[in-house]
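Structural characterization, general
Letter by letter, the chains look like this.
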Amino acid sequence: MAEISASIETAEHRWMRGWIERDRKLLKQATARSFRFVVAASKPVLLDRSSLIDAAPDQFGCSGYRFGNIYCRRHGGVALFATQAELEMTLEGRAWSGTFWLQDMWKKSAMSRKWQLTERALSRTEDDERVAGAIRSLQLWR
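Described below are features of the structure shown in this document. (Residues numbered from 1 in each chain as written. Predicted model: local features only at pLDDT ≥ 70, side-chain atom pairs only at ≥ 80, totals over all residues. Heavy atoms only, no water.)

Some details on the sheet that holds strand S4 (residues 78-91)
Adjacent strands of a sheet pair through backbone hydrogen bonds, lying either parallel or antiparallel. What counts is decided by this rule: Here a strand pair is declared whenever DSSP counts at least two bridges between the two strands. Numbered from the N terminus, helices here are DSSP runs of H or I no shorter than four residues, and strands are runs of E no shorter than two. Here the axes come from fitting lines to C-alpha atoms, over the contacting stretch only for helices, and the angles between their N-to-C directions go from 0 to 180 degrees. Contacts are residue-level and defined by heavy atoms, with any inter-residue pair within 4.5 Å sufficient.
One open sheet accounts for six strands, arranged S2-S1-S6-S5-S4-S3; its pairing is mixed. The sheet is open, and its two edges are formed by strand S2 (45-48) and strand S3 (60-75), each paired on a single side. For this sheet, the mean angle separating the axes of adjacent strands, direction not counted, is 20 degrees. In this sheet, S2 lies alongside strand S1 (residues 31-39) in antiparallel orientation, the contact comprising four bridges. The residue bridging Val 38 from the neighbouring strand is Leu 46, located in S2. Each of S1, S3, S4, strand S5 (94-108) and strand S6 (115-124) is contacted by helix H1 (residues 2-20), which is oriented at about 165 degrees to S3, the strand it contacts most.

Next comes the structure, spelled out in C-alpha cells:
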C-alpha cells in the first residue's frame with residue numbers, strides 16, 4: 001500500500017506544479033481525456049479537461065499549496081487520493097484561497113500505463129469541530 005501512496009502523491013505534486021507553472025503540456029499529459037473537476041457550490045460546478053487547461057494560465061490559477069494528512073487507497077485499477085489542502089488560487093483575477101478538501105481519482109492510462117488524474121472534487125472544509133466529533137461517535141470500530 002505504501003508503494004501506491006508514494007506513486008500517487010508524486011503524481012499529485014507533479015500535477016500541482018504543472019498548475020502553478022501554467023504548464024499546459026504537463027497538465028494535458030497528466031490529466032485523462034475524461035477528466036472532470038467538480039467544485040462544491042450551492043449548485044456544483046463542473047470543468048472538463050479542455051476547460052481547465054484553457055483557464056489554468058489566466059482565469060483559474062494556483063500559486064501555492066500545502067497538503068495536510070493524506071489518505072490514499074487503491075481500488076482495482078483506480079486510486080483515491082484525499083487530503084485537506086491549503087490552496088492559494090485566483091479565480092478571474094480575484095484571490096480564492098484557504099483550506100479546502102481535495103479528493104482525486106487516478107487511473108492508469110491505457111497507452112502510457114502512467115497514472116492520470118480522472119476526477120477532482122474541491123470543497124471548503126467544515127470548521128465546526130462538533131461535526132467531526134459527532135461523525136467519530138458513529139464509528140462502530142472504536
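Section: the pattern of salt bridges
In plain terms, the rule: A pairing counts as a salt bridge when a side-chain nitrogen of Lys or Arg comes within 4 Å of a carboxyl oxygen of Asp or Glu. Buried residues are those whose accessible area, probed at 1.4 Å on protein chains only, stays under 20% of the maximum for their type, while exposed residues exceed 50% and partly exposed ones sit between those limits.
One pass over the structure, following the stated rule, counts four salt bridges. For Asp 104, the salt bridge goes to Arg 120, with nearest N and O atoms at 2.7 Å. Of this pair, Asp 104 sits in strand S5 while Arg 120 sits in strand S6, and the two are 16 residues apart along the sequence. A single burial state applies to Asp 104 and to Arg 120, both of which are buried. Residue Glu 129 pairs with Arg 136 through a salt bridge whose shortest N-O separation is 3.9 Å. Assessed through its relative accessible area of 56%, Glu 129 is described here as exposed. Owing to a relative accessible area of 44%, Arg 136 belongs among the partly exposed residues under this scheme. Look at the salt bridges and you will find they share partners, linking Glu 12, Asp 104 and Arg 120 into a network.

Considerations on the pairing of S4
Where S3 lies against S4, 13 bridges are found, and the strand directions are antiparallel. Across the sheet, the residue bridging to Gly 64 is Glu 88, located in S4. Taking the residues that link successive antiparallel strands as the turn, the S3-S4 hairpin has two residues, and the phi of Gly 76 there is positive, at about 60 degrees. Direction of pairing for S4 relative to S5: antiparallel, over a ladder of 14 bridges. Bridged to Leu 91 within S5 is Arg 94. Connecting S4 to the antiparallel partner S5 that follows it, the hairpin turn spans two residues, and Glu 92 within it adopts a positive phi of roughly 55 degrees.

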